[in-house]
Amino acid sequence: MFKENNKFQKFESKVWLSSPTMHGPEIKYVKEAYETNWMSTVGKNINEVERMVCETIGCKYAVALSAGTASLHLAMKLAGMEAYGMPKVGHGALEGKKVFCSDMTFDATVNPVVYEGGEPVFIDTEYDTWNMDPAALEKAFEIYPDTKVVVIAHLYGTPGKVDELNAIIKKHNAILVEDAAESMGATYKGIQTGAFGKYNTISFNGNKIITGSAGGCFLTDDEESANKVRKWSTQARENAAWYQHEELGYNYRMSNVIAGVVRGQLPYLNEHIAQKKAIYERYKEGFKGLPVSMNPMDLENSEPNYWLSCLIIDKDAMCKQVRGEQDVCYVKEPGKTCPTEILEAISSINAEGRPIWKPMHMQPIYRLNPFVVRDGNGRARSNAYIAGEAADAGMDIFTRGLCLPSDNKMTVEQQDRIIEVIRACFE
Ligand SMILES: Cc1ncc(COP(=O)(O)O)c(C=O)c1O
């Protein structure tokens with residue numbers, strides 16, 4: 001148990017991990033929707049969001065939806081249909097098919113594979129970007145050569161190794177679906193994430209770099225696919241005077257009210273990125289001399305959006321920490337700490353940190369799914385974990401890492417206090 005340290009004063013109002021930052025124009029566009037009575041899933045705000053998103057990302061088509069998850073679902077449906085043909089009953093486009101998925105991500109990247117009847121195969125993570133390891137992806141194609149769909153996420157706003165991953169995906173004639181929910185505004189070799197895959201997603205969830213309180217966009221350069229998504233997301237209505245349906249539909253369209261918030265937020269994307277970058281740099285400076293490193297943001301080929309700052313504790317500075325499915329305990333040692341102690345310390349001063357997203361291959365719901373590491377079957381290695389040593393990169397980063405308070409509105413003084421509290425954990 002963490003012993004509360006009275007040396008550090010609690011913040012009066014909570015410092016969040018990443019909360020919405022509003023600016024003013026959002027309410028103007030919401031009010032406009034109200035006053036013009038476009039309180040619906042059509043209206044000027046939606047049109048404007050789609051236009052602005054295309055301009056920002058550099059893609060030809062954006063379809064505004066109720067959530068990033070909705071976009072990923074329809075992306076999976078399209079990818080499945082393209083790879084395997086029209087599903088018999090209108091759903092299950094990936095029925096019985098394997099899909100290669102990022103392992104270190106939020107489960108919304110992966111669940112849509114299952115919505116369409118597919119089987120996620122998790123691909124291990126590399127340390128350079130904390131994203132999908134190209135060497136493990138290559139291995140996965142060796143083991144499952146018939147796989148035709150790959151979904152990659154850019155964790156915490158750091159682009160993955162896009163060129164390497166893309167080369168492997170192309171070589172195997174597979175379709176890339178990009179989950180840029182966390183990385184809006186991040187670029188790889190000058191190109192925005194969300195512009196690399198055939199079907200891509202951004203999210204406007206409340207904790208994202210730009211928010212509508214909810215919402216997301218489906219992105220593509222393919223006109224026919226964009227039209228399909230627009231149709232499916234509004235219950236797949238045919239062009240008839242009455243409700244006519246030939247395909248399975250969904251109620252996935254973005255509301256014009258939510259679009260008002262997104263429309264007001266979009267011009268602030270670069271400002272938010274600059275604030276997040278300053279937070280990251282201050283942590284980096286503040287942790288100098290500690291046995292830790294930050295999540296990878298200083299990269300040759302990419303400019304991340306710095307959405308969340310994270311740290312990872314050096315192996316020999318870790319005290320013993322044991323995590324069950326829901327509980328955790330640790331044994332404090334002088335000069336050593338662990339993510340649990342640091343999170344408790346942060347929480348004791350009324351700030352919010354979070355464990356690293358628990359890898360998908362470690363989640364009970366996906367415990368029977370295949371997991372591929374560089375040299376083959378990742379499941380076969382689990383005995384190493386029982387011996388106390390993390391068996392793969394994802395498990396290792398989850399064990400030793402944590403997400404730090406990264407809110408745009410955090411003051412320098414607040415951040416300094418958080419840094420001091422963390423430094424004290426290493427005493
Ligand atoms: C990597 C990732 N993918 C997908 C999503 C889903 O987006 P949404 O919440 O808009 O459905 C999220 C976050 O919520 C995410 O972090």
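Residues numbered from 1 in each chain as written. Predicted model: local features only at pLDDT ≥ 70, side-chain atom pairs only at ≥ 80, totals over all residues. Heavy atoms only, no water.

Trainee: What exactly am I supposed to notice about the nonpolar core here?
Mentor: One broad rule of soluble globular proteins: the nonpolar side chains tend to lie buried together. Grouped together as the largest cluster of nonpolar side chains are 75 residues, with contacts concentrated most on Val 53, Tyr 156, Phe 204 and Phe 287. Once residues within four sequence positions are removed from consideration, Phe 287 is found in contact with Val 292, Met 294, Leu 311, Leu 404, Ile 419, Ile 422 and Arg 423. In this structure, Val 63, Leu 72, Phe 218 and Trp 232 belong to the second largest nonpolar core, which totals 33 residues. (Core = buried A, V, L, I, M, F, W, Y, C linked by side-chain atoms within 4.5 Å. Buried < 20%, exposed > 50% of the residue type's maximum accessible area, 1.4 Å probe, protein only. Contact = heavy atoms within 4.5 Å.)

Trainee: What is the right way to read the packing of aromatic side chains from this model?
Mentor: Two measures describe an aromatic ring pair: the distance that separates the ring centres and the angle between the ring planes. Counted under the stated rule, the structure contains 11 aromatic pairs. Aromatic side chains Tyr 280 and Tyr 306 sit 5.4 Å apart centroid to centroid with 65° between the ring planes, which places their arrangement in the edge-to-face category. In this pair, Tyr 280 sits in helix H9 (residues 269–286) while Tyr 306 sits in the loop between strand S11 (302–303) and strand S12 (310–313), placing the two residues 26 residues apart along the sequence. Residue Tyr 280 is classed as buried on the basis of its relative accessible area, which comes to 2%. For Tyr 306, a relative accessible area of 3% corresponds to the buried category. (Phe/Tyr/Trp six-rings, centres within 6.5 Å; stacked < 30°, edge-to-face > 60°. Helix = DSSP H or I, 4+ residues; strand = E, 2+ residues; numbered from the N terminus.)

Trainee: Just checking my understanding: could you explain the packing of helix H3 (residues 68–84) against helix H7 (residues 223–232) for this structure?
Mentor: Here H3 crosses H7 at 130°, and the two axes come no closer than 11 Å. The angle between the axes of H3 and H7 places the two elements in the oblique class. For the pair H3 and H7, the sense of crossing is right-handed. Contacts from Leu 74, Lys 77, Leu 78 and Met 81 of H3 reach H7 at Ser 225, Lys 228, Val 229 and Trp 232. A class-by-class count of the residues in the contact of H3 with H7 yields five nonpolar, one polar and two charged. (Axes fitted to C-alpha atoms, helices over the stretch in contact; angles between N-to-C directions. Parallel < 35°, antiparallel > 145°, perpendicular 65-115°, else oblique. Left-handed = near helix turned anticlockwise from the far one by under 90°. Nonpolar A, V, L, I, M, F, W, Y, C, P; charged D, E, K, R; others polar.)

Trainee: Got a minute to help me understand the sheet that holds strand S15 (residues 354–355) in this structure?
Mentor: Backbone-to-backbone hydrogen bonds join strands into a sheet, with any given pair of strands oriented parallel or antiparallel. Across the sheet, which stays open at both edges, the four strands sit in the order S10-S12-S18-S15 with antiparallel pairing between neighbours. Each edge of the sheet is formed by a strand with only one pairing partner; in this case those strands are strand S10 (292–294) and S15. Two elements, S15 and strand S18 (residues 401–403), share two bridges in a ladder whose sense is antiparallel. Bridge pairing in S18 links Arg 354 to Cys 403. The sheet contacts of helix H12 (residues 393–400) involve S12, S15 and S18, and relative to S18 the element is tilted by about 65°. (Pairing = 2+ DSSP bridges.)

Trainee: Please explain the layout of surface pockets as it appears in this structure.
Mentor: The gaps of empty space that remain are located by a probe, the size of a water molecule, rolled over the atoms. A volume near 760 Å³ is recorded for the largest pocket. The dominant element in the lining of the largest pocket, judged by the number of residues it contributes, is H3, at three residues. Of the residues belonging to the lining of the largest pocket, the class tally is 16 nonpolar, 15 polar and eight charged. (1 Å grid on protein atoms, 1.4 Å probe; cavity = no way out; pocket = protein on both sides within 12 Å on 5 of 7 lines; lining within 4 Å. Points joined across faces, edges and corners; volume = space filled by probe spheres on them.)

Trainee: What is the right way to read the site of the ligand from this model?
Mentor: Taken together, 15 residues sit near the ligand, with Thr 69, Asp 179, Glu 182, Ser 203 and Lys 208 positioned nearest. Taking Asp 179, its side chain carries an N or O atom lying 2.6 Å from a nitrogen atom of the ligand. Separating an oxygen atom of the ligand from a side-chain N or O atom of Asn 205 is a distance of 2.9 Å. In a pocket analysis with a 2 Å cut-off to the grid points, the ligand is assigned to the largest pocket. Looking at the shell around the ligand, the element that brings in the most residues is H3, giving three residues. Residue classes in the shell around the ligand are distributed as five nonpolar, seven polar and three charged. (Near = heavy atom within 4 Å. Polar contact = N/O pair within 3.5 Å; in protein donor to acceptor, adjacent residues only side chain to side chain. Sits in = over half its atoms within 2 Å of the grid points.)

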